[in-house]
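Each chain, written out:
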Amino acid sequence: MYKRHNINKKAYIIIRGIDMGKFKKILFFLFVLAIFMVPGFIFSKNTDFYKEINKPIFAPPGIVFSIVWAGLYTLQAYYITKVYFEYNDKEGKKLLIILSINALANILYTPVFFVLKSTFGGFIISLITLVTVVLIVYKSKIIDIKEWYLEIPYLLWSIFALILSISIYLMN
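Below or above, wherever it landed, is the structure these notes cover. (Residues numbered from 1 in each chain as written. Predicted model: local features only at pLDDT ≥ 70, side-chain atom pairs only at ≥ 80, totals over all residues. Heavy atoms only, no water.)

## Digging into the pattern of salt bridges
Here comes step 1: Scanning all chains against the criterion turns up 6 salt bridges.
Here comes step 2: Ionic pairing is found between Asp48 and Lys51, a salt bridge with its closest N-O pair at 3.9 Å. Note that Asp48 and Lys51 are positioned in helix 3 (residues 48-52) at a spacing of 3 residues, about one turn of the helix.
Here comes step 3: With relative accessibility at 41%, the residue Asp48 sits in the partly exposed group.
Here comes step 4: By relative accessible area, which is 61% here, Lys51 ends up exposed. (Salt bridge = Lys/Arg side-chain N within 4 Å of Asp/Glu carboxyl O. Helix = DSSP H or I, 4+ residues; strand = E, 2+ residues; numbered from the N terminus. Buried < 20%, exposed > 50% of the residue type's maximum accessible area, 1.4 Å probe, protein only.)

## Looking at helix 6 (residues 119-143)
Structurally, the α-helix is built with 3.6 residues per turn, so residues lying three or four positions apart point the same way.
Here comes step 1: Taking 1.5 Å of rise per residue, the 25 residues of helix 6 would be expected to cover 36 Å, and the 36 Å separating its terminal C-alpha atoms lies within 8% of that figure.
Here comes step 2: Taken from the residues just after helix 6, Asp144 is the one with a positive phi, measuring 75°. (Expected span 1.5 Å × (residues − 1).)

## A closer look at the side chain of Asn102
Here comes step 1: Turning to its location among the elements, Asn102 is positioned in helix 5 (residues 90-115).
Here comes step 2: By relative accessible area, Asn102 is classed as buried at 0%.
Here comes step 3: Looking at Asn102, its side chain comes within polar contact range of the main-chain oxygen of Thr129, at 3.5 Å.
Here comes step 4: With residues near it in sequence (within four places) discarded, Asn102 still touches Gln76, Thr129, Thr132, Val133, Ile136 and Tyr154. (Polar contact = N/O pair within 3.5 Å; in protein donor to acceptor, adjacent residues only side chain to side chain. Contact = heavy atoms within 4.5 Å.)

## As for the nonpolar core
Here comes step 1: Grouped together as the largest cluster of nonpolar side chains are 36 residues, with contacts concentrated most on Tyr50, Trp69, Val83, Leu95, Leu99, Phe113 and Ile145.
Here comes step 2: It is helix 4 (residues 62-86) that contributes the most residues to this core, 8 residues altogether.
Here comes step 3: Beyond its immediate stretch of four places on either side in the chain, Phe113 contacts Phe49, Tyr50, Ile53, Ser118, Thr119, Gly122 and Ile168. (Core = buried A, V, L, I, M, F, W, Y, C linked by side-chain atoms within 4.5 Å.)

## Points about a nonpolar patch on the surface
Here comes step 1: Judged by side-chain polarity, Ile97, Ile101, Phe120, Ile124, Ile128, Ile166, Tyr169 and Leu170 come together as a nonpolar surface patch covering roughly 710 Å² of accessible area.
Here comes step 2: Taken together, the elements giving at least two residues each to the nonpolar patch come down to helix 5, helix 6 and helix 7 (152-171).
Here comes step 3: Mapped onto the elements of the fold, Leu170 is located in helix 7.
Here comes step 4: Look at Leu170 and you get exposed, because its relative accessible area is 65%. (Patch = residues over 30% accessible without salt bridge, like charges linked within 9 Å, V, L, I, M, F, W, Y side chains within 5 Å. Areas by Shrake-Rupley, 256 points an atom, 1.4 Å probe, with all protein chains shown as cover.)

Structure, rendered in structure tokens:
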């Protein structure tokens, strides 16, 4: 069979042994995670703005954001993948729309805050993020997604981020 498709025997055995459903989920997860991470890599050189602005005493150093967001983006990519592949009904699709709005807000935060240097824009995006996270938790519990609790760290961080954002906006 592998001769007919013009691939070598080792490749055929490896491909044949892969569960394509899992493979698609892994690729989708990695794609979503990359979408979340790309703005951080593209705009990471503009972090001087964060160092220069007035911040409240509870503002963490910049490296904390990188670590926390990497973890939260990984959880979000997993959650989006799970919803996309396992909840194809009407309510699951509504949740995907909320997750997409949330992802867009996250992607826009870095260029708005660090490139445009807009503390007000950062505050508005933080507000949108928090509202969408609350909706994600609420909708997930209604749909009965067992992993809804994975959104709790994101919810807590979003509350903190909103408080930090409004503080930075008011101080500058």
